Amino acid sequence: MPATAQSRRARLVRRVVLAGTGAAIIALPVVSATTASAATTSTTASTTLAGYPNTLDGWIRESLAIMAQKGIPGTYNGIYRNVIRESSGNQYAINNWDSNAAAGTPSKGLLQVIDPTFNAYHVAGTSYDPYDPVANITAACNYAAAVYGSIDNVYGAY
């Protein structure tokens, strides 16, 4: 390795060490990708059918696009805050212990929606699966809009 490359690598390693473990995960592929072939072997994140990243960020953005088309109010921050509180971002979260679960209708998905609510507030063009992240977010936001004016107005169980 040429001296300039070694020096640059040493600076990157020092920055990584100073920045902590989280940055090391991000910076290590940059350090190791020294050839064009190495750079092209990285994997790409999967995407939804609509082309959004298949991640919480992508699901929220896809839901917001559908909500905008349907006139359902809500913001990224309002959705994200409620998702984190309700399911910690786990699309398969299910509540098997509260009164809804005791009555046979457990809360499901990112925004913990029970089946009757999901069915009543389902938004056309989304999946009928309450565990589908985009369908769950969009139906929950539709419900929150009807009851609270917007998901942005929800700060607790709803």
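A few points on the structure. The shown structure was predicted, so the numbers you read here are calculated from the model rather than taken from an experiment.

**What about the pattern of salt bridges?**
Turning to step 1, where the next piece is worked out: Taken as a whole and assessed by the stated rule, the structure comprises three salt bridges.
Turning to step 2, where the next piece is worked out: Note that Arg61 and Asp57 form a salt bridge whose closest N and O atoms lie 3.0 Å from each other. Here Arg61 pairs with Asp57, and both are found in helix α4 (residues 56–70), just four residues apart, close to one helical turn.
Turning to step 3, where the next piece is worked out: Look at Asp57 and you get partly exposed, because its relative accessible area is 30%.
Turning to step 4, where the next piece is worked out: Asp115 is the partner of Lys108 in a salt bridge, and the nearest nitrogen-oxygen pair spans 3.0 Å.
Turning to step 5, where the next piece is worked out: What makes Lys108 buried here is its relative accessible area of 14%.

**Here's the deal with the packing of aromatic side chains**
Turning to step 1, where the next piece is worked out: Scanning the model with the defined rule gives four aromatic pairs in all.
Turning to step 2, where the next piece is worked out: On the numbers, 6.1 Å between centres and 35° between planes, the contact of Tyr92 with Tyr131 is tilted. Here Tyr92 is found in the loop between α5 (76–87) and β1 (94–95), whereas its partner Tyr131 is found in the loop between α7 (115–121) and α8 (133–148), with 39 residues between them in sequence.
Turning to step 3, where the next piece is worked out: When its relative accessible area of 54% is taken as the criterion, Tyr92 is described as exposed.
Turning to step 4, where the next piece is worked out: Judged by relative accessible area, which is 22%, Tyr131 ranks as partly exposed.
Turning to step 5, where the next piece is worked out: Seen from the ring of Tyr155, Arg81 lies directly overhead, with NZ or CZ sitting 3.9 Å from the centre.

**Structural notes on the nonpolar core**
In a soluble, globular protein the nonpolar side chains are often hidden away together inside.
Turning to step 1, where the next piece is worked out: In terms of nonpolar packing, the biggest core is built from 22 residues, with Ile79, Ile137 and Cys141 touching the most fellow members.
Turning to step 2, where the next piece is worked out: The element best represented in this core is α8, accounting for seven residues.
Turning to step 3, where the next piece is worked out: Residues contacting Cys141, with those up to four places away along its chain left out, are Met67, Ile72, Ile79 and Ile151.

**What to know about α4**
Turning to step 1, where the next piece is worked out: Here α4 is 15 residues long and its end C-alpha atoms lie 21 Å apart, about the 21 Å a rise of 1.5 Å per residue gives.
Turning to step 2, where the next piece is worked out: Every buried residue of α4 is listed here: Leu56, Gly58, Trp59, Ile60, Glu62, Ser63, Ile66 and Met67.
Turning to step 3, where the next piece is worked out: For α4, the elements touching its buried residues are α5 and α8.
Turning to step 4, where the next piece is worked out: Gly71 occupies a position one or two residues after α4 and carries a positive phi of about 75°.

**A look at the environment of Pro53**
Turning to step 1, where the next piece is worked out: In this fold, Pro53 is placed in the loop between α3 (36–40) and α4.
Turning to step 2, where the next piece is worked out: Pro53 sits in the partly exposed class, given a relative accessible area of 26%.

**A few points about the packing of α4 against α5**
Turning to step 1, where the next piece is worked out: The interhelical angle for the contact between α4 and α5, taken along N-to-C directions, is 130°, at an axis separation of 10 Å. The orientation of α4 with respect to α5, classified from their angle, is oblique. Relative to α5, the crossing made by α4 is right-handed. Two secondary-structure elements touch here, α4 through Leu56, Asp57, Ile60, Arg61, Leu64 and Met67 and α5 through Tyr76, Ile79, Tyr80, Val83 and Ile84.

About the criteria used
Residues numbered from 1 in each chain as written. Predicted model: local features only at pLDDT ≥ 70, side-chain atom pairs only at ≥ 80, totals over all residues. Heavy atoms only, no water. Salt bridge = Lys/Arg side-chain N within 4 Å of Asp/Glu carboxyl O. Helix = DSSP H or I, 4+ residues; strand = E, 2+ residues; numbered from the N terminus. Buried < 20%, exposed > 50% of the residue type's maximum accessible area, 1.4 Å probe, protein only. Phe/Tyr/Trp six-rings, centres within 6.5 Å; stacked < 30°, edge-to-face > 60°. Lys NZ or Arg CZ within 6 Å of the ring centre and 35° of its normal. Core = buried A, V, L, I, M, F, W, Y, C linked by side-chain atoms within 4.5 Å. Contact = heavy atoms within 4.5 Å. Expected span 1.5 Å × (residues − 1). Axes fitted to C-alpha atoms, helices over the stretch in contact; angles between N-to-C directions. Parallel < 35°, antiparallel > 145°, perpendicular 65-115°, else oblique. Left-handed = near helix turned anticlockwise from the far one by under 90°.

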